[in-house]
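Close look at the chain arrangement
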Amino acid sequence: MIDVTDDASVADEPDTRALDDLLDDIFRGQERVTQGEIYRRAVAAELPPDLLARIDALPEGEYAVDEASDLLGGTVA
């Protein structure tokens with residue numbers, strides 16, 4: 001038997017795989033990356049507009065992977 005409430009909760013949660021993959025790639029071998037670099041790489045990776053808007057809204061500065069993930073709603077730690 002399928003529990004519809006479980007399916008609905010999964011459907012309501014944003015899919016963060018593309019964001020998580022991007023952050024993993026960007027931060028590989030680097031401790032901190034600028035907001036501008038994250039945004040440029042997100043555009044190049046053709047992330048969905050909603051994710052690009054979130055990244056664009058980050059204040060300028062440098063971020064560690066956990067900071068960027070927390071602010072953008074990803075699950076990378």
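Further up the page is the structure itself.
Moving on to the packing of helix α2 (residues 17–26) against helix α3 (residues 35–44). Interhelical geometry of α2 versus α3 gives an angle of 125 degrees and a closest axis separation of 11 Å. Here α2 lies oblique to α3, going by the angle between them. Pair α2 / α3 crosses with right-handed handedness. Between α2 and α3, the contacting residues are L22, D25 and I26 on the first element and I38, R41 and A42 on the second. Of the residues assigned to the contact of α2 with α3, the class counts are four nonpolar, no polar and two charged.

If you trace the backbone, S69 turns up in helix α5 (residues 65–72). Contacts of S69, omitting those with residues within four sequence positions, involve L23, G74, T75 and V76.

What counts and what doesn't
Residues numbered from 1 in each chain as written. Predicted model: local features only at pLDDT ≥ 70, side-chain atom pairs only at ≥ 80, totals over all residues. Heavy atoms only, no water. Axes fitted to C-alpha atoms, helices over the stretch in contact; angles between N-to-C directions. Helix = DSSP H or I, 4+ residues; strand = E, 2+ residues; numbered from the N terminus. Parallel < 35°, antiparallel > 145°, perpendicular 65-115°, else oblique. Left-handed = near helix turned anticlockwise from the far one by under 90°. Contact = heavy atoms within 4.5 Å. Nonpolar A, V, L, I, M, F, W, Y, C, P; charged D, E, K, R; others polar.

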